[in-house]
Amino acid sequence: MLRDTLKTLLAAYGPTGSEHAVAEAVKGLLEGHVDSMRTDNMGNLIVEKFGTDPEGRRIMFSAHMDHIGLVVTHIEKEGFLRVSNVGGISPAYAWRRKVVFENGVPGVCVVEPGPKGGGQPGLEHLFIDIGAQSREEAEKLVQIGDIAVYAPDFIPLGKHRIAAPAMDDRCACALLVEMLLYAEDQKNTVVGVFSTQEEVGLRGAGVAAFNIQPDVGLALDVTAWGDTPEVKYPAVKLGEGPAVKIMDRSMIASPKVRDALFEAARAAGVQVQREVLAFGGTDGGAIQQSRGGVPTGTLSIPCRYVHSAVETIDMRDMEGALKVLLQFIDLV
Amino acid sequence: MELRTLTDAFGPSGYENPVRALIRKAAEKRCDDVSVDRMGNLICRKPGRDRTKPAVAVAAHMDEIGFIITGYTDDGLLRFRPIGGIDPRVVVSKWLSIGEEGLPGVIGAPPIHLQSAEERGQVLGFNKLYIDIGAKDQKEAEGLAPLGSYAVFDTPYMEFGEGFVAAKALDDRIGCFNLLKLLEEEYDSDLICVFVTQEEVGLRGSQTAAFALEAEIAVVLEGTAANDLGDVEERFHVCTPGEGVCVSFMDRASIADRELFRAMLELAKAQGIPAQVKRGITGGNDAASFQRSGRGMRTVVLSVPCRYIHSANNVAKWSDIRAQADLARAFLKSL
């Protein structure tokens, strides 16, 4: 079930560059249900489900396993941890949040004192308190270079919605897992890539695309929202279906792939939204420009409060996306 | 080869020929397969004793920051622009060496007597500075230093204090120096030593070099900013000269392969090689290219802490320089 898969994947530790545990969780879910699984030098997990048509295409679907975090750069005498960002993590969002390290050590993020003269706090104003009373005590728990992430959570909101850290992009990982499980007797070969290091510049997917040489690429990722009191842009709403990306900063979707998504949505009877994003990017940008170029698109899950500890999606959009994807495989 | 020979050599980004020629000569004595690719990267392949082991690339960049001549004044002064990241505050009144033949020139600025109070509070940008080569007019200047001529800092190599060395271009001739040392020995794994061009202008040479290599692992030997002195709060220190070679977990251009990062630290500990974790995440280097060109490689960076990096005088400690070679060698032997 999509919801259970999502819950499993949200629980895994996986900041950018340390996605190993997420890959293991995905492998556990897919073992015995796919034709091959391998990991490349960038840590991308590449899973194949062969098509029935020997002349069929190879379609690369990419969902990134990594999420944003805070890396320890210095341990104060008093035992507090100073950090830098891994990906786009904002101090204002991190403030007062519970975080956790790979070894399970918990901490809380504090911004102190408030930046002089007001204004937004910078990362240099932030530290993590792990309860250590000295540098020596802290060093027994955490080393410089260790990465903290928002502590995993799973908060059902109303009937259809779920808030959690790492929803970007574990919701798409869950979608990809389910698609690989459900795809049956499809003509084209599905190459599912659970990619690494998206949050620092689409780094894993570029290498994966080079290795795979797909005929078509499709990134699965979250997109921003425009349906809260102060946010009206982009024109994407939760619960109104997955969004077909027209463009963002990393890519202008290849028209054929974009249109195949619209067609797949019609065939599946799923309502989709059109998405134009003036910022951000997805693995699609890296796939599209790999080697001699790959026709590529992106299917997005609308997500509120992206890059916070309460990234919120609507499960109806996920279920719709799964139906669209299953149609898309043989339509493109 | 002595470190001084390498730091004294002329080799700004895009004009690495003099330093490459020196390295090539030394490399050919230690390796049968030496070649140069179209970006000018020097590639030395040394087959390992065990063909089942993964090939390892070890890289250092040959190029240094410098300047390029972009114009002249009527009275024979040279206008110029930096090649690579140079702070205009560190260049005034420094001697430069222009072109391979080493035409001397000094970076000029109006003396303090002639500056207004306002001017004294400002930093002169590269558009306000000039190089004086003693030419009497534009024509003479053009003849001596044609448009597009390169210049580098002209700083003699010097040892001082307890085991410190000061020179231009320690970033990254230290890496080249140690890479040549690695070529002296035999290993089980195939070793590919890559002497890279154009790192300082955006990791350019390494992109083509990395694309053409068939290695599983890449180790990058670098110099890195220390930021450990003066009023800098301890939490902003990046590394400390004298405390060993730096192993990086990440910088702005790449994140180290976690297993290699840990393996390096464990190896250093086990063999008593001084090593420290690089604490800042600023900067970027060729590891980004090796990690992500073509099929991708697992990468890790070993850096020597350098004070006053990207200036006329980089300062490093010999014990750290030795530690870089020792750890890289120990790693190659551990495979």
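Remember, it's a predicted structure, so these values are computed and weren't measured experimentally.

K.L.:
When you look at the overall build of chain B in this model, what are you seeing that I'm missing?
P.N.:
The number of helices and strands found in chain B is nine helices and 17 strands. In terms of overall size, chain B behaves like a compact globule, its C-alpha atoms giving a radius of gyration of 21 Å where 335 residues would be expected to give roughly 20 Å. When the backbone C-alpha atoms are referred to their principal axes, chain B occupies close to 65 × 45 × 35 Å. Classification of the 335 residues of chain B by burial places 51% in the buried group. Nonlocal contacts in chain B, meaning residues at least 24 apart in sequence, comprise 77% of its contacts between residues at least 6 apart.

K.L.:
It is not clear to me how the overall build of chain A should be interpreted in this structure. Could you clarify?
P.N.:
Of the regular secondary structure elements, chain A holds nine helices and 17 strands. On C-alpha atoms alone, chain A measures out to a radius of gyration of 20 Å, which is about the 20 Å that the 2.2 N^0.38 rule sets for 332 residues. Taken over the C-alpha atoms alone, chain A extends approximately 65 × 45 × 40 Å along its principal axes. The buried share of chain A, taken over its 332 residues, is 54%.

K.L.:
Just checking my understanding: could you explain the sheet that holds strand β11 (residues 161-164) of chain A for this structure?
P.N.:
Neighbouring strands of a sheet are bound in pairs by backbone hydrogen bonds; such pairs are parallel or else antiparallel. All names here are of chain A. Pairing in this open sheet of three strands is antiparallel, and the strands run β10-β11-β17 from one edge to the other. One side of each edge strand has no neighbouring strand; the edge strands of this open sheet are β10 (155-157) and β17 (311-314). When strand polarity is set aside, the average angle formed by the axes of neighbouring strands in this sheet is 25°. In terms of strand pairing, β11 meets β17 through four bridges, oriented antiparallel.

K.L.:
What am I meant to see in the sheet that holds strand β2 (residues 42-46) of chain B here?
P.N.:
All names here are of chain B. An order of β1-β2-β12-β3-β13-β16-β14-β15 is seen for the eight strands of this open sheet, with the pairing classed as mixed. Of all strands in the sheet, those bounded by a partner on one side alone are β1 (33-36) and β15 (275-277). In this sheet, neighbouring strand axes are inclined to one another by 25° on average, regardless of whether the strands run parallel or antiparallel. Across nine bridges, the pairing between strand β13 (residues 217-225) and strand β16 (residues 298-306) is parallel. Each residue of the ladder has a partner; that of T224, found in β16, is P305. Its contacts with the sheet place helix α5 (residues 170-182) against β3 (56-61), β12 (191-196), β13 and β16, and it is angled at close to 140° to β13. Against the sheet, helix α6 (residues 204-212) makes contact with β2, β3 and β12, and its axis sits at roughly 155° relative to β12, the strand it touches most.

K.L.:
Explain the interface of chain B and chain A here, please?
P.N.:
When the parts of a complex come together, some accessible area is lost, and that lost area is often used as the size of the interface. Contact residues are listed per partner, giving 17 residues for chain B and 21 residues for chain A. For the side of chain B that touches chain A, the residue count by class is six nonpolar, four polar and seven charged.

K.L.:
I'm lost on helix α5 (residues 167-182) of chain A in this one. Help?
P.N.:
Structural remark: α-helix, 3.6 residues per turn; residues separated by three or four positions point the same way. In a regular helix each residue adds 1.5 Å, so 16 residues correspond to 22 Å; α5 of chain A covers 22 Å between its end C-alpha atoms and thus fits that length. Within α5 of chain A, 14 of the 16 residues are buried, which leaves the element mostly enclosed by the surrounding structure.

K.L.:
Would you take a moment to explain the packing of α5 of chain B against helix α9 (residues 318-334) of chain B for this structure?
P.N.:
Relative placement of two packed helices is described by the angle separating their axes and the distance separating the axes. Residue and element names in this part refer to chain B. Between α5 and α9, the least distance of the axes is 10 Å, while the angle of their chain directions is 40°. As judged from the angle between their axes, α5 and α9 are oblique. Judged by the twist between their axes, the crossing of α5 over α9 is right-handed. Where α5 abuts α9, its residues I174, N178, K181 and L182 lie against I321, Q324, A325, A328, R329 and L332. A breakdown of the residues in the contact of α5 with α9 according to their chemical character gives six nonpolar, two polar and two charged.

K.L.:
I would appreciate a short explanation of unusual backbone geometry in the present structure.
P.N.:
For residues other than glycine, phi is negative in most cases, and the peptide bonds are mostly trans. The omega torsion of the bond from Y233 of chain A to P234 of chain A falls at 0°, within 30 degrees of zero and hence cis. By secondary structure assignment, the location of P234 of chain A is in the loop between β13 (216-223) and β14 (243-247). Residue D172 of chain B is reached from D171 of chain B by a cis peptide bond, and omega for that bond is 15°. As for its placement among the helices and strands, D172 of chain B is situated in helix α5. Although it is not a glycine, S93 of chain B sits at a positive phi angle of roughly 65°. Relative to the elements of secondary structure, S93 of chain B occurs in the loop between β5 (78-83) and β6 (95-98). For S93 of chain B, a count of 8 C-beta atoms within 10 Å puts it in the exposed group. Even without being glycine, A169 of chain B reaches a positive phi, approximately 60°. Checked against the element boundaries, A169 of chain B lands in the loop between β11 (164-167) and α5.

K.L.:
Is there a simple way to think about the packing of helix α7 (residues 258-271) of chain B against α9 of chain B in this case?
P.N.:
Residue and element names in this part refer to chain B. Running from N to C, α7 and α9 cross one another at 105°; their axes reach a closest spacing of 10 Å. In terms of orientation, α7 and α9 fall into the roughly perpendicular class. On α9, the residues that touch M264, L267, A268 and Q271 of α7 are L327, A330, F331 and S334.

K.L.:
What exactly am I supposed to notice about the nonpolar core here?
P.N.:
One finds L175 and L176 of chain A together with A57, V58 and V219 of chain B to be the most contacted residues of the largest nonpolar core, which totals 211 residues. Among the elements that take part in this core, α5 of chain A stands out by supplying 10 residues, more than any other.

K.L.:
Looking at this model, I keep getting lost on the domain arrangement of chain B. Mind explaining?
P.N.:
All names here are of chain B. The domains assigned to chain B are domain 1 (3-60 + 168-334) and domain 2 (66-153). On a C-alpha basis, the centroid separation for the pair domain 1 and domain 2 is 32 Å. Residues belonging to the side of domain 1 that touches domain 2 are distributed by class as follows: six nonpolar, three polar and two charged.

K.L.:
Would you mind going over the domain arrangement of chain A with me for this structure?
P.N.:
All names here are of chain A. Assigned domains of chain A: these are domain 1 (2-67 + 166-331) and domain 2 (69-150). A C-alpha centroid distance of 31 Å is found between domain 1 and domain 2. In this complex, domain 1 contributes 11 residues to the contact, which on the side of domain 2 involves 12 residues. The class makeup of the residues in the side of domain 1 that touches domain 2 is four nonpolar, six polar and one charged.

K.L.:
It is not clear to me how the pairing of β13 of chain A should be interpreted in this structure. Could you clarify?
P.N.:
Both faces of the sheet carry side chains from a regular strand, because those side chains alternate between them. All names here are of chain A. Judged by how many residues are buried, β13 sits mostly within the fold: eight of eight residues are covered. When strand β3 (residues 58-64) meets β13, the two strands line up parallel, connected through four bridges. Along β13, the bridge assignment pairs F61 with L218. Summarising the sheet, β13 and strand β16 (residues 296-302) pair through seven bridges and their orientation is parallel. Within β16, the position partnered with T223 by the bridge is P302.

Procedures and definitions
- Residues numbered from 1 in each chain as written.
- Chains lettered and ligands numbered in written order.
- Predicted model: local features only at pLDDT ≥ 70, side-chain atom pairs only at ≥ 80, totals over all residues.
- Helix = DSSP H or I, 4+ residues; strand = E, 2+ residues; numbered from the N terminus.
- Rg over C-alpha atoms; globule rule 2.2 N^0.38 Å.
- Buried ≥ 20, exposed ≤ 12 C-beta atoms within 10 Å, placed from the backbone.
- Contact = placed C-beta atoms within 7 Å.
- Pairing = 2+ DSSP bridges.
- Axes fitted to C-alpha atoms, helices over the stretch in contact; angles between N-to-C directions.
- Nonpolar A, V, L, I, M, F, W, Y, C, P; charged D, E, K, R; others polar.
- Expected span 1.5 Å × (residues − 1).
- Parallel < 35°, antiparallel > 145°, perpendicular 65-115°, else oblique.
- Left-handed = near helix turned anticlockwise from the far one by under 90°.
- Core = buried A, V, L, I, M, F, W, Y, C linked by C-beta atoms within 7 Å.
- Domains from an automatic or database assignment.

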